[in-house]
Amino acid sequence: MYTQSLDQAPVGTDTNNAIDIHQDAAKQAAFDAVIDADGKIEAQDWMPAAYRKTLVRQISQHAHSEVVGMLPEGNWISRAPSLKRKAILLAKVQDEAGHGLYLYSAAETLGTGRDELLDALHSGRAKYSSIFNYPTLSWADVGVIGWLVDGAAIMNQVPLCRCSYGPYARAMIRVCKEESFHQRQGFDALLAMMQGTEAQRAMVQESVNRWWWPVLMMFGPPDADSPNSAQGMRWGIKRISNDDLRQKFIDATVAQAETLGVTLPDPDLTWNEATGHYDFGTINWQEFQDVLAGKGPCNTERLATRVKAHQDGQWVRDAAAAYARKQAAKQQRQAA
Ligand code: 3HC
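Criteria and cut-off values
- Residues numbered from 1 in each chain as written.
- Predicted model: local features only at pLDDT ≥ 70, side-chain atom pairs only at ≥ 80, totals over all residues.
- Heavy atoms only, no water.
- Helix = DSSP H or I, 4+ residues; strand = E, 2+ residues; numbered from the N terminus.
- Buried < 20%, exposed > 50% of the residue type's maximum accessible area, 1.4 Å probe, protein only.
- Contact = heavy atoms within 4.5 Å.
- Areas by Shrake-Rupley, 256 points an atom, 1.4 Å probe, with all protein chains shown as cover.
- Lys, Arg positive; Asp, Glu negative; His and termini not counted.
- Charge placed at Lys NZ, Arg CZ, Asp CG, Glu CD.
- Polar contact = N/O pair within 3.5 Å; in protein donor to acceptor, adjacent residues only side chain to side chain.
- Salt bridge = Lys/Arg side-chain N within 4 Å of Asp/Glu carboxyl O.
- Phe/Tyr/Trp six-rings, centres within 6.5 Å; stacked < 30°, edge-to-face > 60°.
- Near = heavy atom within 4 Å.
- Axes fitted to C-alpha atoms, helices over the stretch in contact; angles between N-to-C directions.
- Parallel < 35°, antiparallel > 145°, perpendicular 65-115°, else oblique.
- Left-handed = near helix turned anticlockwise from the far one by under 90°.
- Nonpolar A, V, L, I, M, F, W, Y, C, P; charged D, E, K, R; others polar.
- Core = buried A, V, L, I, M, F, W, Y, C linked by side-chain atoms within 4.5 Å.
- Disulfide = S-S within 2.5 Å.
- Expected span 1.5 Å × (residues − 1).

## Points about the overall build of the chain
Along its length, the chain carries 13 helices and 2 strands. Considering the chain as a whole, with its 336 residues, one finds that 44% of them fall into the buried category. In the chain, the proportion of contacts linking residues at least 24 apart, taken out of those at least 6 apart, comes to 76%. Counting every atom, the chain has about 17,600 Å² of accessible surface; 56% of that belongs to carbon and sulfur. Mean positive and mean negative side-chain charge positions of the chain (34 and 39 charges, respectively) differ by 9 Å.

Here is the structure:
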């Protein structure tokens, strides 16, 4: 006879509830074992609600960043100085759109629909990277975005290829390969300008001066002020902390700036023999908080452009849905 005598709930408790709690504890233990063994959690696996929520938050913010990140550079496609630079920039901006799509798909595997995610972005509820709220005022900005912004993005994203959530980790492998091309094309464009006229060199330096500090903010608040870091690291979503990634980026970038012949705008940037790292000046975290609160130089413009692009694309989504319905009806007729 079927019995659960060993699992009997104490008198006066809900038996189903007790079984649920028991099963959830077993699932949690299995989940913890995978995380502890540095394994991968897949979409169909059980996961704690908070892990799912954190992933949807991070992956969707990341997807939004890729998509909004097309705007500052897209601004320069029609004004690129040569056919070669225009073709490179077009390819790069298109890559960012693709990154957004992989990442929205990865977020969808967690059960949150793309419409819901886009609605959060378009209504201003969702975050995207602070860096894309700064303007692109000169052609040198396109090179500096490639070199520094994509350089910082790679530093942050390579460890995400080892993220504990399989679909996100796998999406990041391709994203990082493409980001690497983006970083190199930016450096190459700047190198060409630095070998050009005095005016071109001045344009590059002015651009580096504007972007340097906002780029350092991309890595997020200091570890001590980062509410999500400890749990994100415990779950193997984040592998390296905000401060450590920022330091690694600075350490790698100083030599690149020397090769280019530009100065990084920080008088406190000095090599520290004892730590084996560069010391650097104080980041203006108030500016970071202001940008996150929607008060950056371009927040309003970026969101408005994004919403308009989405609305203008409604006919494409309608056409794709109508085509899919037609195809499904055709297949049904053929199967009948
Ligand atoms: N811009 C906007 N928001 C930021 C931010 C930034 N630069 N840095 C941190 N934040 C937000 C966090 O999202 C979090 O917001 P929430 O709690 O309301 O969701 C809050 O500030 C506190 O920060 P935490 O450090 O606690 O947050 P995380 O642990 O999530 O770490 C992160 C922040 C390092 C950005 C992490 O989410 C991450 O690695 N994300 C994936 C990579 C990513 O999204 N990169 C964005 C740039 S993509 C890009 O640049 C495109 C490329 O083509 C150039």
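## With respect to the side chain of S226
Within the secondary structure, S226 sits in the loop between helix 8 (198-217) and helix 9 (229-234). At 2.6 Å, the side chain of S226 forms a polar contact with the side chain of S229. Setting aside residues up to four positions removed in sequence, S226 forms contacts with P221, K238 and N242.

## Quick notes on the pattern of salt bridges
Working definition: two side chains of opposite charge can pair if their charged atoms are close together. In the structure shown here, the tally under the stated rule is 16 salt bridges. With a shortest N-O distance of 3.3 Å, D36 and R234 are connected by a salt bridge. Taken together, the positions of D36 in helix 1 (residues 15-36) and R234 in helix 9 put the pair 198 residues apart, joining distant regions of the chain. Exposure remark for R234: the relative accessible area of 42% places this residue in the partly exposed category. What you see here is one network of salt bridges that share partners, running through E73, K92, E96 and D150.

## A short note on the packing of aromatic side chains
A full pass over the atoms with the stated rule returns 10 aromatic pairs. A ring pair is formed by F31 and W46, whose centres lie 6.3 Å apart and whose planes are at 80°; its orientation type is edge-to-face. Of this pair, F31 sits in helix 1 while W46 sits in the loop between helix 1 and helix 2 (49-68), and the two are 15 residues apart along the sequence. You can call F31 buried: its relative accessible area is 2%.

## Regarding the site of the ligand
Contacts to the ligand come from 31 residues, most closely from Q61, E96, K127, S226 and K238. At 3.0 Å from an oxygen atom of the ligand is found a side-chain nitrogen or oxygen belonging to N156. M217 has a polar backbone atom sitting 3.4 Å from a nitrogen atom of the ligand. Coverage of the ligand by the protein chains reaches 90% of its 1,000 Å² of free accessible surface. If you list the elements that add at least two residues to the shell around the ligand, you get helix 2, helix 6 (139-157), helix 7 (166-194) and helix 11 (285-295). If you tally residues by element for the shell around the ligand, the top one is helix 2, at 6 residues.

## Describing the packing of helix 4 (residues 83-108) against helix 6
Between two packed helices, both the angle of their axes relative to each other and the distance between the axes serve to describe the pair. Two elements in contact, helix 4 and helix 6, have axes separated by 13 Å at closest approach and are oriented at 45°. Between helix 4 and helix 6, the crossing angle belongs to the class labelled oblique. Where helix 4 crosses over helix 6, the two elements pack in a sense that is left-handed. Mapping the contact onto sequence places R85, L89, K92 and E96 in helix 4 and W139, V142, G146 and D150 in helix 6. Considered class by class, the residues forming the contact of helix 4 with helix 6 number 3 nonpolar, 1 polar and 4 charged.

## Considerations on the nonpolar core
Among the nonpolar cores identified, the biggest contains 73 residues, and Y51, I59, W147, Y165 and Y168 are the most heavily contacted of them. Residue contacts for I59: discarding those within four places in its chain leaves L103, A106, A107, L110, Y165 and Y168.

## A closer look at unusual backbone geometry
Here D38, not a glycine, exhibits a phi torsion of approximately 60°, which is positive. When its relative accessible area of 48% is taken as the criterion, D38 is described as partly exposed.

## Examining the state of the cysteines
Applying the stated criterion to the full structure yields 0 disulfides. Residue C163 stays outside any disulfide, its sulfur separated by 9.6 Å from that of C161, the closest cysteine. Take C163: its relative accessible area is 0%, and that puts it in the buried class.

## Notes on helix 12 (residues 299-312)
Residues that lie three or four places apart on an α-helix share one face, since the helix turns once every 3.6 residues. Taking 1.5 Å of rise per residue, the 14 residues of helix 12 would be expected to cover 20 Å, and the 20 Å separating its terminal C-alpha atoms lies within 8% of that figure. Structurally, helix 12 contributes buried residues whose contacts are with helix 2, helix 3 (70-74), helix 5 (114-122), helix 11 and helix 13 (314-335).

## Comments concerning the environment of L303
Topologically, L303 is positioned in helix 12. Separated by 209 residues in sequence, L303 and Q94 have C-alpha atoms that sit 19 Å apart. Excluding its chain neighbours within four sequence positions, the residues that come into contact with L303 are L121, H122 and G124.

## Some points on the environment of Q28
Note on placement: Q28 falls in helix 1. Spatially, the C-alpha atoms of Q28 and D266 are 47 Å apart, while their sequence positions differ by 238 residues. Every residue in contact with Q28, bar those within four places of it in the chain, is listed here: W46 and P48.

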